[in-house]
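What follows is the residue order along each chain.
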Amino acid sequence: MRHPLVMGNWKLNGNKQMTGDLIDGLRKALSGVDGCDVAIAPPVIYLDQAKHALSGSHISLGAQNVDINLSGAFTGDISAEMLKDIGAKYIIIGHSERRTYHKESDEFIAKKFAVLKEAGLIPVLCIGETESENEAGKTEEVCARQIDAVLNALGADAFKDAVIAYEPIWAIGTGKSATPVQAQAIHQFIRQHIAKKDAAIAEQVIIQYGGSVNDKNAAELFTQPDIDGALVGGASLKADAFAVIVNAAAAAKNAG
Ligand SMILES: O=C[C@H](O)COP(=O)(O)O
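My aim in this report is to walk through the structure given alongside it, one point at a time. Note that this is a predicted model, so its numbers are computed, not measured.

As a further point, take the site of the ligand. Lys11, His95, Gly173, Ser212 and Gly234 are the nearest of the 13 residues found near the ligand. Contact between the ligand and Lys11: an oxygen atom at 2.8 Å from a side-chain N or O atom of the residue. Between an oxygen atom of the ligand and a main-chain N or O atom of Ser212, the distance comes to 2.7 Å. Relative to its unbound accessible surface of 310 Å², the ligand loses 94% to contact with the protein. Residue composition of the shell around the ligand, by class: four nonpolar, seven polar and two charged.

In a regular helix each residue adds 1.5 Å, so 14 residues correspond to 20 Å; helix H1 (residues 16-29) covers 20 Å between its end C-alpha atoms and thus fits that length. Of the residues making up H1, those classed as buried are Thr19, Leu22, Ile23 and Leu26. Buried residues of H1, seen end-on, are gathered within an arc of 100° and therefore sit on one face of the element. In H1, the exposed positions angled more than 90 degrees off the buried face are occupied by Gln17 and Lys28.

Right, let's get into the layout of surface pockets. Of the pockets and cavities examined, the largest pocket occupies roughly 640 Å³. Val44, Gln64, Asn65, Arg98 and His102 are, among the 29 residues lining the largest pocket, the residues nearest its centre. Those elements giving two or more residues to the lining of the largest pocket turn out to be helix H4 (96-101) and helix H5 (106-119). Of the residues in the lining of the largest pocket, the class split is 14 nonpolar, eight polar and seven charged.

Right, let's talk about the packing of H5 against helix H7 (residues 139-154) for a bit. Contact geometry for H5 and H7: axes closest at 9 Å, N-to-C directions at 50°. When the interaxial angle is binned, H5 and H7 end up oblique. Here the hand of the crossing between H5 and H7 comes out right-handed. Along its contact with H5, which presents Asp106, Glu107, Ala110, Phe113 and Ala114, the element H7 presents Arg145, Gln146, Ala149, Val150, Ala153 and Leu154. When the residues that make up the contact of H5 with H7 are grouped by side-chain class, the tally is seven nonpolar, one polar and three charged.

This part takes up the nonpolar core. Counting 73 residues, the largest nonpolar core has Phe159, Ile190 and Phe222 as the members making the most contacts within it. If one sorts the elements of this core by residue count, helix H11 (residues 239-255) sits on top with nine residues. Ala41, Ile92, Ala165 and Ile206 belong to the second-largest nonpolar core, a separate cluster that totals 13 residues.

For strand S5 (residues 122-127), the buried fraction is high: six of the six residues fall into the buried class. By the bridge criterion, four bridges tie strand S4 (residues 90-93) to S5 in an arrangement that is parallel. In the strand pairing of S5, Tyr90 is matched with Ile122.

Reading the values: rules and limits
- Residues numbered from 1 in each chain as written.
- Predicted model: local features only at pLDDT ≥ 70, side-chain atom pairs only at ≥ 80, totals over all residues.
- Heavy atoms only, no water.
- Near = heavy atom within 4 Å.
- Polar contact = N/O pair within 3.5 Å; in protein donor to acceptor, adjacent residues only side chain to side chain.
- Areas by Shrake-Rupley, 256 points an atom, 1.4 Å probe, with all protein chains shown as cover.
- Nonpolar A, V, L, I, M, F, W, Y, C, P; charged D, E, K, R; others polar.
- Helix = DSSP H or I, 4+ residues; strand = E, 2+ residues; numbered from the N terminus.
- Expected span 1.5 Å × (residues − 1).
- Buried < 20%, exposed > 50% of the residue type's maximum accessible area, 1.4 Å probe, protein only.
- Arc of directions from axis to C-beta.
- 1 Å grid on protein atoms, 1.4 Å probe; cavity = no way out; pocket = protein on both sides within 12 Å on 5 of 7 lines; lining within 4 Å.
- Points joined across faces, edges and corners; volume = space filled by probe spheres on them.
- Axes fitted to C-alpha atoms, helices over the stretch in contact; angles between N-to-C directions.
- Parallel < 35°, antiparallel > 145°, perpendicular 65-115°, else oblique.
- Left-handed = near helix turned anticlockwise from the far one by under 90°.
- Contact = heavy atoms within 4.5 Å.
- Core = buried A, V, L, I, M, F, W, Y, C linked by side-chain atoms within 4.5 Å.
- Pairing = 2+ DSSP bridges.

Listed below in structure tokens is the structure:
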């Protein structure tokens, strides 16, 4: 059975003080949780501080991006080996904000997936459609294309121990989450799409939902069989709300 993963993506938020306070709050709120993996991805400049603050807890460290190069003249970039060195485990790639603002292509994101696997890190591959693609009935086509970029470049095996986050772009930061039924349908489609290449790999891959997950709607989302936790933005900046989401994922897992 798959273990859910709830991961907080802090995006471009926080400072030194907030990093310390939020991790303190999370450690207290999450000390007894069992049945759900938990990670946070602070801005890269706070990773070292976060690593020390998380020491001895079961909360893993994540990061929000990686470069495709390992070293050299690439000003401003951070390599997979550097993230590993600092203690990060889960690395978000392909987030719609990077696809949009940094013009990252499916193929470029597949290269990031490859460098992370090579370094022994866990890619959290974000996929999802825009509102107009959704309205045009293209959700499955878009998700299949984004997954195929990795499948075609690296094969189904690359998804062993990897994470996919289905994040409909219209649901991100809008307060308008996909319904549990809507999300389940796409999660099932994603799993079946990978199963066409390798059923065992598809069965074990973690598929998180992301997009306006909060302390009110999380429990119902997690009742769905193909929703394995969440990638959380706004609500991950409040220890109490994030803890409610983690507890909901653990409860759903322990009930199932
Ligand atoms: O990575 C997280 C997602 O973009 C969701 O963000 P949100 O929970 O603020 O909607």
